[in-house]
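# Chain and residue survey
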Amino acid sequence: MQKVAVIGAGTMGNGIAHVFAQHGFSVHLVDVSQPALDKALATITKNLDRQIAKEIITAENKQQTLANLQTFTSLASGVQGVHLVVEAATENVDLKLKIFRELDEHTGPDTVLATNTSSISITKIAAVTRKPGKVIGMHFMNPVPVMKLVEIINGYATEKAITEQITELSLQLGKVPCVVNDYPGFIANRILMPMINEAIYSLYEGVAGVHEIDTVMKLGMAHPMGPLQLADFIGLDVCLSILHVLYNGFGNQKYAPCPLLVNMVTAGHLGVKSGAGFYNYAAGGKELVVSEQFR
C-alpha cells in the first residue's frame, strides 16, 4: 500500500494526507474544489513548519513530504492506480454513499476503500459497493498529525485480512490502532457524545455555567479540554449529526440531542468554525471568552 488517495481536502482530509505523505507514501489528495486543495496544501505547509520549529522533523523532511503530495479535482483521475482510498468528506450519509458508488466504479477489485466517518455505518457504506469485504472504517482523530489514535471499524462483511492490513498500516503511520465493530457511534463517539450532550443539558437546565462545567471536567476528571470547548472544536453541527445517528440507531431516549444544541445549530452558532458557540472565537487570542448568551 504505497499509493494512497484521500478524498476531501478539509480539516481531516488534509491532516490524513499530511501523515501519509510524511511517512513516505505517495498521496493523491482529491477534492472537487481547487481553492480547497490550495488551502489544504497551505495548511499542510504551515503544520510542517510548526513541526520543524518543534524539532520534530527537518526542512528536508518537509520538502520530501510535499513532494509526495499530488492534488486532483477529478475523483476518477485521483484514484487511478492507488492501493488504498481514505474518504474524508463531510459527515453526511448521502454524500458518502455517492462517493463510495463512484469509488466502486473507478477502482479495481483489490483496492481497499476506507472511510474516516465518525459515526455512519460501515456496513451501510459497504453495501453500495461490489466489494464490501474490502471496505473498512479508519477513523482518525483531530488534529491528525498530533493525535495517536486510529479507530478501525469492521463492517459486517469486512475481511479479516483487510483489518490486519489496515492495523499494520496504522502502526506504520506511528498511530495506535484500536479495532472495534460496526454499531452506531462505534466506541469513541458512543461514549463521547452522550457526555457532551449531558454537559449541554446541564447548561440548558441551569445547573452550572459554561466555564464552571468545563473547569469541573478539566480539573476534576483530568480532561485536557472541557466538554463544551471540545464540542465547539468538533463543530456543534457535527455533534448534532452524530447524536441523531445514535438516537436513530438505538432508538434510546438517552441519545436525544439537547434542545439547546438544536437551537444553536439552527442559529448557525457552530463553534470555532463559525466564530461562536459556547465560547466566542471572533476576537481571536488564546484566552477563552464565554459567549454573550451564556454570561
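Everything numeric in this text was worked out from a predicted model, so none of it was measured.

## Overview of the nonpolar core
Of all hydrophobic cores here, the largest spans 33 residues; its most connected members are Phe20, Leu84, Val86, Met138, Phe140 and Ile166. It is helix 1 (residues 11-22) that contributes the most residues to this core, 6 residues altogether. For Leu84, the contacting residues outside a window of four places in its chain are Met1, Lys3, Val4, Ala5, Phe20, Thr111, Val112, Ala114, Ile166 and Leu169. By size, the runner-up hydrophobic cluster in this structure holds 25 residues, among which are Ile200, Leu246, Leu260 and Tyr279.

## Concerning the packing of aromatic side chains
If you walk through the whole model with that rule in mind, you get 4 aromatic pairs. Here the aromatic rings of Tyr201 and Tyr204 are separated by 6.1 Å at their centres, their planes lie at 70°, and the arrangement is edge-to-face. Separated by 3 residues within a single helix, Tyr201 and Tyr204 lie in helix 8 (residues 188-204), roughly one turn from each other. Of the residues examined, Tyr201 reaches a relative accessible area of 21% and is grouped as partly exposed.

## Some remarks on the UniProt feature "site: Important for catalytic activity" (unreviewed entry) in the chain
Per the UniProt annotation, the sites labelled "site: Important for catalytic activity" (unreviewed entry) are His139. In this structure, His139 sits in strand 6 (residues 135-140). Setting aside residues no more than four positions away along its own chain, His139 makes contact with Thr115, Asn116, Thr117, Ser118, Leu149, Val150, Glu151, Ile153, Ala188 and Asn189. A distance of 2.8 Å separates the side chain of His139 from the side chain of Glu151, its partner in a polar contact.

## Overview of helix 2 (residues 34-53)
Under the 1.5 Å per step criterion, the end-to-end length of helix 2 is 29 Å for 20 residues, consistent within 8% with the ideal 28 Å. Taken together, the buried positions of helix 2 are Leu37, Ala40, Ile44, Asn47, Leu48 and Gln51. Seen along its axis, helix 2 keeps its buried residues to an arc of 105°; they face one direction. In helix 2, the exposed residues that point more than 90 degrees away from the buried face are Pro35, Lys39, Lys46 and Ala53.

## Describing the packing of helix 1 against helix 2
How two helices sit against one another is set out by the angle between their axes and by the gap between those axes. The interhelical angle for the contact between helix 1 and helix 2, taken along N-to-C directions, is 55°, at an axis separation of 10 Å. Taken together, the axes of helix 1 and helix 2 are oblique relative to one another. The handedness of the crossing between helix 1 and helix 2 comes out as right-handed. Across the interface between the two elements, Asn14, Ala17, His18 and Gln22 of helix 1 pack against Ala40, Thr43, Ile44, Asn47, Leu48 and Gln51 of helix 2. Among the residues forming the contact of helix 1 with helix 2, the class breakdown is 4 nonpolar, 6 polar and no charged.

So, how was this worked out
- Residues numbered from 1 in each chain as written.
- Predicted model: local features only at pLDDT ≥ 70, side-chain atom pairs only at ≥ 80, totals over all residues.
- Heavy atoms only, no water.
- Core = buried A, V, L, I, M, F, W, Y, C linked by side-chain atoms within 4.5 Å.
- Buried < 20%, exposed > 50% of the residue type's maximum accessible area, 1.4 Å probe, protein only.
- Helix = DSSP H or I, 4+ residues; strand = E, 2+ residues; numbered from the N terminus.
- Contact = heavy atoms within 4.5 Å.
- Phe/Tyr/Trp six-rings, centres within 6.5 Å; stacked < 30°, edge-to-face > 60°.
- UniProt positions renumbered as here; feature names shortened; annotations may be inferred.
- Polar contact = N/O pair within 3.5 Å; in protein donor to acceptor, adjacent residues only side chain to side chain.
- Expected span 1.5 Å × (residues − 1).
- Arc of directions from axis to C-beta.
- Axes fitted to C-alpha atoms, helices over the stretch in contact; angles between N-to-C directions.
- Parallel < 35°, antiparallel > 145°, perpendicular 65-115°, else oblique.
- Left-handed = near helix turned anticlockwise from the far one by under 90°.
- Nonpolar A, V, L, I, M, F, W, Y, C, P; charged D, E, K, R; others polar.

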